[in-house]
Amino acid sequence: WIFCLDTRQAPIKKKRRAKDKYAKEAEEIDVERLEELTLELFKAHDLNDDGLLQESELITLNVRIAMLHHDKAAVELQDVRDTYQRLFRTKLDHLGRAVPFDTFRRYARGVLEELDHDPEAQEMILEQFVAEAKAGREFLDGAEDSEIRFPV
């Protein structure tokens with residue numbers, strides 16, 4: 001998730017290999033599917049379900065994802081916290097204020113374009129991001145300890 005976002009970049013261009021009568025319909029589905037997945041990713045990060053992404057939500061979820069992937073020491077988890085706070089403040093809101101879906105969408109599109117220009121590849125990338133965010137959220141939802149749910 002740590003990639004530059006150039007807000008002046010052109011909209012996603014779809015390059016389809018198929019030249020049949022279904023190619024245009026498939027292009028529209030790509031755009032719709034990317035939008036659906038981006039919204040799903042945003043909702044997975046919106047831990048308090050208020051329609052805004054807060055800096056603490058981004059940090060909390062990504063710390064939990066790091067814990068699921070690796071057995072991280074406290075020092076390493078602080079590095080994860082610092083990384084996502086820096087990401088939030090450089091890519092979403094420099095003052096750390098909560099952001100709406102549109103801001104998140106612009107950032108996510110920039111990340112996807114940095115990773116791959118192909119909409120089909122972007123769809124697979126987003127599906128993986130959503131799966132990881134949901135796994136992290138399920139871990140949080142099942143946690144009873146407030147330190148696990150919302151670490152300092």
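Residues numbered from 1 in each chain as written. Predicted model: local features only at pLDDT ≥ 70, side-chain atom pairs only at ≥ 80, totals over all residues. Heavy atoms only, no water.

1. Description of the overall build of the protein chain
Broken down by element type, the protein chain carries 6 helices and 0 strands. Counting from the amino terminus, the protein chain carries its helices and strands in the arrangement α-α-α-α-α-α. Counting over 152 residues, the protein chain shows a buried share of 38%. Restricting the contact set of the protein chain to residue pairs at least 6 apart, pairs at least 24 apart contribute 67%. Split by element, the accessible area of the protein chain, about 9200 Å² in all, is 52% carbon and sulfur. (Helix = DSSP H or I, 4+ residues; strand = E, 2+ residues; numbered from the N terminus. Buried < 20%, exposed > 50% of the residue type's maximum accessible area, 1.4 Å probe, protein only. Contact = heavy atoms within 4.5 Å. Areas by Shrake-Rupley, 256 points an atom, 1.4 Å probe, with all protein chains shown as cover.)

2. Remarks on the pattern of salt bridges
One pass over the structure, following the stated rule, counts 10 salt bridges. The partner of Glu35 in a salt bridge is Arg109, and the shortest N-O contact between them spans 3.1 Å. Placement of the pair is Glu35 in helix α1 (residues 23–45) and Arg109 in helix α4 (residues 101–115), with a sequence separation of 74 residues. Exposure remark for Arg109: the relative accessible area of 38% places this residue in the partly exposed category. (Salt bridge = Lys/Arg side-chain N within 4 Å of Asp/Glu carboxyl O.)

3. Considerations on the packing of aromatic side chains
Scanning the model with the defined rule gives 2 aromatic pairs in all. With 5.5 Å between their ring centres and 75° between their planes, Phe42 and Phe101 make a pair best called edge-to-face. You can see Phe42 sitting in helix α1 and its partner Phe101 sitting in helix α4, a full 59 residues away along the chain. Each member of the pair, Phe42 as well as Phe101, is classed as buried. Each residue in the set Phe42, Phe101 and Phe104 is aromatic and connected to the rest through ring pairs, giving one cluster. (Phe/Tyr/Trp six-rings, centres within 6.5 Å; stacked < 30°, edge-to-face > 60°.)

4. Regarding the nonpolar core
Ranked by internal contacts, the top residues of the largest apolar core, which has 31 residues, are Leu41, Leu53, Phe104 and Leu126. Contributing elements (two or more residues each) for this core: α1, α2 (55–69), α3 (74–92), α4 and α5 (119–142). (Core = buried A, V, L, I, M, F, W, Y, C linked by side-chain atoms within 4.5 Å.)

5. Structural notes on the side chain of Arg137
As for its placement among the helices and strands, Arg137 is situated in helix α5. Looking at Arg137, the relative accessible area reads 14%, which means it is buried. Looking at Arg137, its side chain comes within polar contact range of the main-chain oxygen of Asp46, at 3.0 Å. Those residues in contact with Arg137 that sit more than four places away from it in its chain are Lys43, Ala44, Asp46, Leu47, Asp49 and Leu61. (Polar contact = N/O pair within 3.5 Å; in protein donor to acceptor, adjacent residues only side chain to side chain.)

6. Topic: the packing of α2 against α5
Relative to each other, α2 and α5 sit at 95°, their axes nearing to 9 Å. On the basis of their axis angle, the class for α2 and α5 is roughly perpendicular. Between α2 and α5, the contacting residues are Thr60, Leu61, Arg64, Ile65, Leu68 and His69 on the first element and Glu132, Ala133, Ala135, Gly136, Arg137, Phe139 and Leu140 on the second. Residue composition of the contact of α2 with α5, by class: 7 nonpolar, 3 polar and 3 charged. (Axes fitted to C-alpha atoms, helices over the stretch in contact; angles between N-to-C directions. Parallel < 35°, antiparallel > 145°, perpendicular 65-115°, else oblique. Nonpolar A, V, L, I, M, F, W, Y, C, P; charged D, E, K, R; others polar.)

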